[in-house]
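Read off the chains here:
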Amino acid sequence: MSLASPIQEPKKSAIDWRSLRDDFPALHQIVHGHPLIYFDNAATTQKPRFVIEALRSFYERDNANVHRGVHELSNRASAAYEAARARAAQFIRAKSADEIVFTRGTTEAINLVAQSWGPKNLRPGDRILLTEMEHHSNIVPWQLLAERVGAQLIFLPISDDKGLLDLNRLDEWLTPQVKILAITHISNSLGTVNPVAELCRRARRIGAVTLIDAAQSAGHCPLDVQEIGCDFLAFSGHKMCGPTGIGVLYGRHELLEAMPPYQGGGDMISTVDFHRSTWNRVPHKFEAGTPHISGAVGLHAAMDYLDRIGRKNIAQRDHELAAYAYERLSRLSGLRLFGPHVGRAGLVSFLAADVHAHDLVTVADQRGIALRGGHHCNQPLMKQLGVEATARASFYFYNLEEEIDRFVDALREIQKFFSR
Amino acid sequence: MFDDLHDLYQQMILDHSRSPRNFRKMEGANRRADGRNPLCGDQITLYLFMEGDVVKDISFQGSGCAISKASASLLTDALKGKSRQEVKRLFDQVHELVTTGKTGGDDVGKLAVFAGVHKFPARVKCAILPWHALIAAIEGKVEPVSTE
């Protein structure tokens, strides 16, 4: 995603990453007798004080319900909620705040599209194109839809352990029956960064609608929905320094406009009779009931916080940490590494010979190192790779090289521990 | 600082996870059950040959973490010749053992090596998985059991 920019990439040491750790209270604690090393950022990131304070300040001063009240606090809460929507539009360069629907997270955003856009636009025999590296949240909603409308799911294959999509064969999959391409931007278990703009361009050529799962990318690199050229994009607040329970569905305005409501209730209606109702305008049509107001406020703060650091800088820091970890791990014997060698996002997925991922993660935890072991909500992918599970270290800008060193030392000990 | 870990991964557990006993598919089994732990991908299949109320033969196959594999292996060793009632009593004792660390009865024998599991709440389900499959097999349930 390169808009030609005259600005030079910042130098490696342009930002004092270590000092940013002071913004994150949760990073400074002892776990099982060791300073915490938090390497489970692909699952959720820690929260900066700036976000925690925004939540607290909202509840201490502005708390009220939105959109219906006339009183001062309700006005403030409504303004804060809508300001968060405008900020989210700016964050991903949507044309208008009306293209931003607040959801509980990426999963709900994808379900919204599958359940609202899907039945109206898919006919029996139509195809839904996914990839083999999708998270369960970008598989199961489509399975439910396919079953409902008689459509078929097909999957773009990944090459091998390197975890890259084979774009040379894309035309074999992008047939006229494909009505939607739903694809992850960054794989949560391989670290692959998919060329989403190219994929959307090719999908558009055959008239398919496109959805990007940006759960792993929104907090890690600049996002521009116009440059990507997608119809829908989904992300979660909690994977980018924001609170849990809040996320965003971006949808192109004309698509959202044509979609039926997702859930019924207050706020999403314009008029209600006992037997009939009319819908509120987009995006409110998709937000039934009292929304997660404080969540939106917290997400707003998170977006401000990340952009103060600069998402380009964060992306570069992710690459540095992942490259360093990959380099150090590839020198250990008896380790199998998954995902691309170069250009990987900030995570490393691996397996140690003769040590099951779950055992490895248990022992690492005793060293204060938070890893994840399992199928990472990628069961079909694990099957494809011929493994039951992998262990994963996923980084964020507040992680340090010396933490990776401690992690590599611990891995050596773990290998020894299990070969005794 | 690895004391708890040595409690969890006792030598006997590592031995059984590396060379599990009765690790085979049983032709002619008259009871069978699958156990799955979707969180970490553990899956085992337990085979039983019962004569009346008594476990005459028992074996398993599958893959998983050291704890679940060793638990299945030691279970098969412990159960040959036991009656349905004895099996259920042992299940209760093992359940107490892995959740509280207390050896509830004197039947557990070698299975006492799993006492350390209780300090690792996330791993209790690994140890208990084969036992759930066992109860399902004995009761003749056909659906796979899950610890989730």
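The model shown is predicted, which means the values in this text are computed figures rather than measured ones. Along each chain, numbering runs from 1 in the same order as the chain's sequence is written. Each chain gets a letter, beginning with A, and each ligand a number, beginning with 1, in the order they are written. With pLDDT at 70 or above as the cut-off, local features in this predicted model cover only qualifying residues; side-chain atom pairs require 80 or more to be listed or tallied, and sums for whole chains, interfaces and linings still use all residues. For side-chain calculations, the full set of non-hydrogen atoms in the structure is used, while hydrogens and water are omitted.

What pLDDT reports is the predictor's confidence in each residue, on a scale of 0 through 100. On average, residues of chain A score 93 in pLDDT, and 97% of them reach the 70 mark or higher. Confidence over residues 1–10 of chain A falls short of pLDDT 50; this stretch has 11 contacts with residues more than four positions distant or in other chains. Contacts between residues were defined by any pair of non-hydrogen atoms, one from each residue, lying within 4.5 Å.

Once that is clear, we can look at unusual backbone geometry. Residue and element names in this part refer to chain A. Looking along the chain, the bond that leaves Val282 and enters Pro283 is cis, with omega of 5 degrees. Helix and strand assignments follow DSSP, with helices taken as H or I runs no shorter than four residues and strands as E runs no shorter than two, numbered in order from the N terminus. In this fold, Pro283 is placed in the loop between β12 (277–279) and α10 (293–309). Residue His32 is not a glycine yet carries a positive backbone phi of 50 degrees. Considering the arrangement of structural elements, one finds His32 in the loop between β1 (30–31) and β2 (34–35).

A separate point is the sheet that holds strand β5 (residues 127–131) of chain A. Residues and elements named next belong to chain A. If DSSP finds at least two bridges between two strands, the strands pair. Reading across the sheet, the 7 strands line up as β4-β10-β9-β8-β7-β5-β6 and stay open at both edges, with mixed pairing between neighbours. Unpaired on one side and paired on the other, β4 (100–103) and β6 (152–156) mark the two borders of the sheet. With strand direction ignored, the average angle separating the axes of adjacent strands in the sheet is 20 degrees. Here 3 bridges tie β5 to strand β7 (residues 178–184), and the two strands are oriented parallel to one another. Between N-to-C directions, angles cover 0 to 180 degrees, with each direction set by a line fitted to C-alpha atoms, over the stretch in contact for helices.

Okay, the environment of Ile13 of chain B next. Residue and element names in this part refer to chain B. Along the chain, Ile13 turns up in helix α2 (residues 11–18). Remark: exposure states derive from per-residue accessible area (1.4 Å probe, protein chains only) relative to the maximum for the residue type, with buried under 20%, exposed over 50%, and partly exposed in between. Overall, Ile13 belongs to the buried group, its relative accessible area being 0%. Look past the residues within four positions of Ile13 in its chain and what remains in contact with it is Leu8, Ala66, Ile67, Ala70, Val113 and Phe114.

This paragraph deals with the nonpolar core. Nine residue types can take part in a nonpolar core, namely buried Ala, Val, Leu, Ile, Met, Phe, Trp, Tyr and Cys, and a core is a set of them joined through side-chain atoms within 4.5 Å. Formed by 150 residues in total, the largest nonpolar core has its most connected members in Leu233, Phe350 and Phe397 of chain A. Here this core gets 11 residues from one element, more than from any other, and that element is helix α5 (residues 124–138) of chain B. As annotated, the domain borders come from an automatic or database domain assignment. Taken domain by domain, this core gets at least three of its residues from each of domain 1 (17–40 + 310–418) and domain 2 (51–308) of chain A. Of all hydrophobic cores here, the second largest spans 29 residues; its members include Val113, Leu130, Phe232 and Phe286 of chain A.

Attention shifts here to empty space enclosed by the protein. Residue and element names in this part refer to chain A. Put simply, the grid is 1 Å and covers the protein atoms alone, a cavity is a trapped set of points that fit a 1.4 Å probe, a pocket is an open set with protein on both sides within 12 Å along at least five of seven lines, and lining residues have an atom within 4 Å of a point. Grid points are joined across faces, edges and corners, and a volume is the space filled by probe spheres set on the points. Within the structure shown, the criterion is met by 2 cavities of 30 Å³ or more. Estimated volume of the largest cavity: approximately 70 Å³. Residues are sorted three ways: Asp, Glu, Lys and Arg are charged, Ala, Val, Leu, Ile, Met, Phe, Trp, Tyr, Cys and Pro are nonpolar, and all the rest, Gly among them, are polar. In terms of residue class, the lining of the largest cavity is made up of 5 nonpolar, 5 polar and no charged. Mapping the lining of the largest cavity onto the domain boundaries places at least three of its residues in each of domain 1 (17–40 + 310–418) and domain 2 (51–308).

Further remarks concern the packing of aromatic side chains. Geometry of aromatic contacts follows a simple scheme: Phe, Tyr and Trp rings, the Trp one being its six-membered ring, pair when their centres are within 6.5 Å, and the pair is stacked under 30 degrees between planes, edge-to-face over 60, tilted otherwise. Tallied over the full model, the rule gives 18 aromatic pairs over all chains. Aromatic pair Phe39 of chain A and Phe407 of chain A: ring centres 5.6 Å apart, planes at 90 degrees, arrangement edge-to-face. Of the two residues, Phe39 of chain A sits in the loop between β3 (37–38) and α2 (49–62) while Phe407 of chain A sits in helix α14 (residues 401–418), which places them 368 residues apart along the sequence. Looking at Phe407 of chain A, the relative accessible area reads 1%, which means it is buried. Judged by centre distance (5.9 Å) and plane angle (80 degrees), the ring pair of Phe417 of chain A and Tyr9 of chain B falls under edge-to-face. Taken together, the residues Phe417 of chain A in helix α14 and Tyr9 of chain B in the loop between α1 (3–8) and α2 connect one chain to another. We classify Phe417 of chain A as buried; its relative accessible area is 6%. Here the aromatic cluster, defined as three or more aromatic residues joined through ring pairs, consists of Trp17, Phe24, Tyr305, Tyr396, Phe397 and Tyr398 of chain A. For a Lys NZ or an Arg CZ to count as sitting over a ring, it must be within 6 Å of the ring centre and within 35 degrees of the ring normal. Over the face of the ring belonging to Phe417 of chain A we find Arg420 of chain A, whose NZ or CZ atom lies 4.5 Å from the ring centre.

Residues and elements named next belong to chain A. Locating Asn378 in the fold gives a position in the loop between β16 (372–374) and α13 (379–385). Polar contact is the term for a pair of N or O atoms within 3.5 Å; when the atoms are in protein, one must be able to donate a hydrogen and the other to accept it, and sequence-neighboring residues count only if both atoms are side-chain atoms. Looking at Asn378, its side chain comes within polar contact range of the main-chain oxygen of Met133, at 3.5 Å. Non-local contacts of Asn378, meaning those with residues more than four positions away in its chain, are made with Met133, Glu134, His135, His136, Asn188 and Ser189.

This brings us to the interface of chain A and chain B. Listed by partner, the interface residues are 19 residues for chain A and 25 residues for chain B. Each of two parts loses accessible area, computed with a 1.4 Å probe, when they are put together; buried area is these two losses added. Of the roughly 1,800 Å² buried between chain A and chain B, counting both surfaces, carbon and sulfur atoms make up 56%. We define a salt bridge as a contact between a side-chain nitrogen of Lys or Arg and a carboxyl oxygen of Asp or Glu at a distance within 4 Å. Our count for the chain A to chain B interface comes out at 1 salt bridge. Across the salt bridge formed by Asp359 of chain A and Arg123 of chain B, the nearest N and O atoms sit 2.8 Å from each other. Applying the counting rule to chain A against chain B returns 9 residue pairs in polar contact (both at pLDDT 80 or more). Of the residues forming the side of chain A that touches chain B, the biggest block, 5 residues, is contributed by helix α12 (residues 357–366) of chain A. Class assignment for the residues of the side of chain A that touches chain B results in 4 nonpolar, 10 polar and 5 charged.

A separate point is α12 of chain A. Of all 10 residues in α12 of chain A, 9 are buried, a share of seventy percent or more. Positive phi appears at Gly368 of chain A, one or two residues downstream of α12 of chain A, with a value of about 75 degrees.

All names here are of chain A. Splitting chain A by domain gives domain 1 (17–40 + 310–418) and domain 2 (51–308). The distance between the C-alpha centroids of domain 1 and domain 2 comes to 28 Å. At the junction of the two partners, domain 1 supplies 35 residues and domain 2 supplies 34 residues. Taking both partners together, domain 1 and domain 2 bury about 2,600 Å²; carbon and sulfur atoms supply 55% of that area. Broken down residue by residue, the surface that domain 1 buries against domain 2 is led by Arg311, Leu381 and Tyr396, which jointly contribute 27%. Run the count over domain 1 and domain 2 and you get 1 salt bridge. Across the pair Arg311 and Asp307 runs a salt bridge whose closest N-O atoms are separated by 2.9 Å. Applying the counting criterion to the domain 1 and domain 2 interface returns 17 residue pairs in polar contact (both at pLDDT 80 or more). Counting only elements with at least two residues in the side of domain 1 that touches domain 2, the list comes to α11 (311–330), β13 (335–338), β14 (347–352) and α13. For the side of domain 1 that touches domain 2, the element with the most residues is α13, which contributes 6 residues.

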